[in-house]
Amino acid sequence: MAAPRSFWKGHLRLSLVTCQVTMVPATSTRRKLRFHTLNRVTGNRVESRHVDEKTGKPVPDSSQRRAYPLSGDNLIILEDKELDAVALDSSRIIDIDQFVARGDIPWIWLERPYYLLPDAKVAEDAYGVIRDAMAATGTVGIARLVLHRRERAVMLAPRDNGIMVWALRYGDEVREAEDYFADIDPTKPAPRARKLFNELVGERLTDWSPDMVQDPVQKRLKAMIAARKRKSRASPAKAGAAPKAGQEKADNIVSITDALRKSLEAERKGKR
């Protein structure tokens, strides 16, 4: 598969060390299925447009502008030049001005990953110096740049021979875990239950694989579309009979210890 095209080019700078770099997204949704929306009556495709809420007529890009809502119908109108004036001045330079210990940034702040690459052979030396300095000190760099027309704080981290760039979430986007977990009873389960749970974890322990995060819905949709292409019909699956009222499992589990014991027994039987 061909490498994705870069969507950002500029310079990476640390003090007096500068090099040309290019950046590409580390993730892709290109293989996801995309559907058109059709008019059920005519069969024509449905288009999305910006229209005037009163007249219903389409509004071209040149006639659109931003507004911040106040109370009622009151708005603060902002022109493009005003929005540009508060944007980052140098949108094509990743200027590392701070370093922090890698473990100091919780994972919840990491939003979107990118690969940062030297854009020319002559840039590899300076690029390598910055990468190796972070690796040797166990630190990551913090910088700012414009991505998708928004100024973002980013984290730069060494990885293998390269550098990863992580767009960081804004400070007001992350909710504090304590606001949600504080009222949960901190009492630890009984030693017997903990022992059984540890055994259950050991039974299910395996190596990480990307297969663990495959999208089953995409797989089924692709199979369905392939079947349509072959102009064949898949035989419908037979639904099992619904249980009668009152026929729920007689051996209802009433304790976590029993549940863990039954889980372990099931795991072990499945491996025989």
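Treat the numbers as computed from the prediction; the structure is a model and nothing was measured.

(A) Quick peek at the overall build of the protein chain. Secondary structure summary: the protein chain contains six helices and 10 strands in total. Residue burial in the protein chain is summarised as follows: out of 272 residues, 19% are buried. Considering only contacts in the protein chain between residues 6 or more positions apart, those separated by 24 or more positions represent 62%. Accessible surface computed for the protein chain: about 22,400 Å², of which carbon and sulfur atoms make up 53%.

(B) Quick look at the pattern of salt bridges. Under the criterion given, the structure shown has 11 salt bridges. The partner of R65 in a salt bridge is E79, with the nearest N and O atoms 2.8 Å apart. Of this pair, R65 sits in the loop between β2 (17–25) and β3 (66–69) while E79 is found in the loop between β4 (75–78) and α1 (80–85), placing the two residues 14 residues apart along the sequence. Owing to a relative accessible area of 54%, R65 belongs among the exposed residues under this scheme.

(C) Molecular detail of a nonpolar patch on the surface. A cluster of nonpolar side chains, contributed by Y68, L70 and I76, occupies part of the molecular surface with about 300 Å² of accessible area. Position of Y68 among the secondary structure elements: in strand β3.

(D) A look at the pairing of strand β7 (residues 110–118). Across five bridges, the pairing between β2 and β7 is antiparallel. Counterpart to V24 in the pairing with β7 is Y115. Note: β7 against strand β10 (residues 162–168), six bridges, orientation antiparallel. Bridging across to β10, L116 finds its partner in I163.

(E) Region of the structure containing the nonpolar core. One finds L12, M23, I94, L116, L147 and L156 to be the most contacted residues of the largest nonpolar core, which totals 22 residues. Among the elements of the structure, β1 (8–14), β2, β7, α2 (124–137), β8 (139–147), β9 (150–159) and β10 are those that each provide at least two residues to this core. With four residues, the top contributor of residues to this core is α2. Once you skip the residues sitting within four places of it in the chain, L156 turns out to touch L12, I94, I96, L116, M134, V140, G141, A143, I163, M164 and V165. Formed by eight residues, the second largest nonpolar core is a distinct cluster that contains I105, I142, A153 and M155.

(F) Region of interest: the confidence of the model for the protein chain. For the protein chain, mean pLDDT is 83; residues scoring 70 or higher make up 83% of the total. Predicted confidence for residues 237–254 stays below pLDDT 50, and this span has four contacts to residues more than four positions away or in other chains.

(G) Representation of the sheet that holds β8. As summarised here, the arrangement of the eight strands in space is β5-β1-β2-β7-β10-β9-β8-β6, forming an open sheet in which the pairing is mixed. This sheet does not close on itself; its edge strands, each paired only once, are β5 (93–95) and β6 (98–101). Strand-to-strand twist of the sheet, defined as the mean angle between neighbouring strand axes without regard to direction, takes the value 40°. Across the sheet, α2 is in contact with β1, β2, β6, β7, β8, β9 and β10; its angle to β2 comes to roughly 80°.

(H) Examining the environment of H11 more closely. Locating H11 in the fold gives a position in strand β1. Since its relative accessible area comes to 32%, H11 is described here as partly exposed. For H11 and T22, which are 11 residues apart along the polypeptide, the C-alpha to C-alpha distance reads 8.0 Å. In this structure, H11 is in contact with T18, C19, Q20, V21, R92, I93 and I94, ignoring residues within four places of it in sequence.

(I) Layout of the pairing of β10. Burial of β10 is extensive: six of the seven residues sit out of reach of the surface. Across six bridges, the pairing between β9 and β10 is antiparallel. When the sheet's bridge partners are listed, P158 is paired in β10 with I163. Hairpin remark: β9 followed by β10, antiparallel, with two residues in the connecting loop; positive phi at D160, about 50°.

(J) Seen up close, the side chain of T22. When you line up the elements, T22 lands in strand β2. A distance of 3.4 Å separates the side chain of T22 from the backbone oxygen of W8, its partner in a polar contact. Setting aside residues no more than four positions away along its own chain, T22 makes contact with S6, W8, K9, Y115, L116, L117 and D119.

(K) Broad picture of α2. With 14 residues, α2 should reach 20 Å at 1.5 Å per residue; the first-to-last C-alpha distance of 20 Å fits that figure. Count one or two residues on from α2 and you reach G138, which has phi positive near 65°.

Each value, and the rule that gives it
- The written sequence of each chain sets the order in which its residues are numbered from 1.
- Totals for whole chains, interfaces and linings use all residues, but because this is a predicted model, local features are given only for residues with pLDDT of at least 70 and pairs of side-chain atoms are given and counted only at 80 or more.
- Hydrogen atoms and water are omitted, and side-chain values are computed over all heavy atoms in the structure.
- The helix count covers DSSP runs of H or I at least four residues long, the strand count covers runs of E at least two residues long, and both are numbered beginning at the N terminus.
- Throughout, exposure labels follow a simple rule: accessible area from a 1.4 Å probe, protein chains only, divided by the maximum for the residue type, with under 20% read as buried, over 50% as exposed, and the rest as partly exposed.
- Here, two residues are considered to be in contact whenever any of their heavy atoms come within 4.5 Å of each other.
- Working definition of accessibility: Shrake-Rupley area with a 1.4 Å probe, residue cover restricted to the visible protein chains.
- Each reported salt bridge corresponds to a side-chain nitrogen of Lys or Arg within 4 Å of a carboxyl oxygen of Asp or Glu.
- Within the patch definition used here, like charges are joined within 9 Å and nonpolar side chains (Val, Leu, Ile, Met, Phe, Trp, Tyr) within 5 Å, considering only residues with over 30% relative accessible area and no salt bridge.
- The pairing criterion for strands is at least two bridges between them, as found by DSSP.
- By convention a nonpolar core is built from buried Ala, Val, Leu, Ile, Met, Phe, Trp, Tyr and Cys residues, the set being connected through side-chain atoms within 4.5 Å.
- pLDDT runs from 0 to 100 and stands for how confident the predictor is about each residue.
- Here the axes come from fitting lines to C-alpha atoms, over the contacting stretch only for helices, and the angles between their N-to-C directions go from 0 to 180 degrees.
- Two N or O atoms count as a polar contact when they lie within 3.5 Å, although within protein this holds only if one can serve as hydrogen donor and the other as acceptor, and sequence-adjacent residues are included solely when both atoms are side-chain atoms.
- Multiplying one less than the number of residues by 1.5 Å gives the expected span of a helix.

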